[in-house]
Amino acid sequence: QGQVVESGGGLVQPGGSLRLSCAASGITFSMYAMGWYRQAPGKQRELVATITKGGDTNYAESVKGRFTISRDNAKSTMFLQMSNLKPEDTAVYYCNAVLGTEGNPFRQEYWGQGTQVTVSS
């Protein structure tokens, strides 16, 4: 059974940086599209950034130019480098791994347990 596990969250001052990691196991990591999502208190979970198995990236407008998503297939790990953090970035950040498209009966999807990022002075 596959799983993904996030790490790297914490408390940081506004303007600071953090690097999140998502380590996958039990899956052929290189075949999966990966993504970071976040959920702030009282809000719905939202997409932060995604990266395809080929390395194409996509970002939410609110993080463009500040966050960078990347992956290391040899280490089955995905990263999110976050810079110039703002209080509104405070949320639980979740790792997502997907193989297959919506509606595909063989689609596989995994979510991590989340890691807390708090941006506050």
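Above this text you will find the structure in question.
Overview of the structure. As the structure is a prediction and not an experimental result, all values here were calculated from the model.

Another aspect to go through is the sheet that holds strand β3 (residues 18-25). The strand order across the open sheet formed by four strands is β1-β3-β8-β7, and the pairing between neighbours is antiparallel. A single partner strand is all that each edge strand has here, and the edge strands are β1 (3-7) and β7 (67-72). Averaged over all neighbouring strand pairs, the angle between strand axes comes to 15°, with direction disregarded. Judged from the six bridges that link them, β7 and strand β8 (residues 77-82) form a sheet pairing that is antiparallel. Within β8, the residue paired with D72 across the bridge is T77.

So, on to the packing of aromatic side chains. Overall, the coordinates contain two aromatic pairs when judged by the stated rule. Pairing Y32 with Y110 gives two aromatic rings, centres 6.2 Å apart and planes at 45°, and the pair type is tilted. One end of the pair, Y32, is in the loop between β3 and β4 (33-39); the other, Y110, is in strand β10 (residues 108-111), with 78 residues separating them in the sequence. On the numbers, 5.1 Å between centres and 65° between planes, the contact of Y37 with W111 is edge-to-face. Taken together, the positions of Y37 in strand β4 and W111 in strand β10 put the pair 74 residues apart, joining distant regions of the chain. Over the ring of F79 we find R19; its NZ or CZ atom is 4.0 Å from the centre of that ring.

Conventions and cut-offs
Residues numbered from 1 in each chain as written. Predicted model: local features only at pLDDT ≥ 70, side-chain atom pairs only at ≥ 80, totals over all residues. Heavy atoms only, no water. Pairing = 2+ DSSP bridges. Helix = DSSP H or I, 4+ residues; strand = E, 2+ residues; numbered from the N terminus. Axes fitted to C-alpha atoms, helices over the stretch in contact; angles between N-to-C directions. Phe/Tyr/Trp six-rings, centres within 6.5 Å; stacked < 30°, edge-to-face > 60°. Lys NZ or Arg CZ within 6 Å of the ring centre and 35° of its normal.

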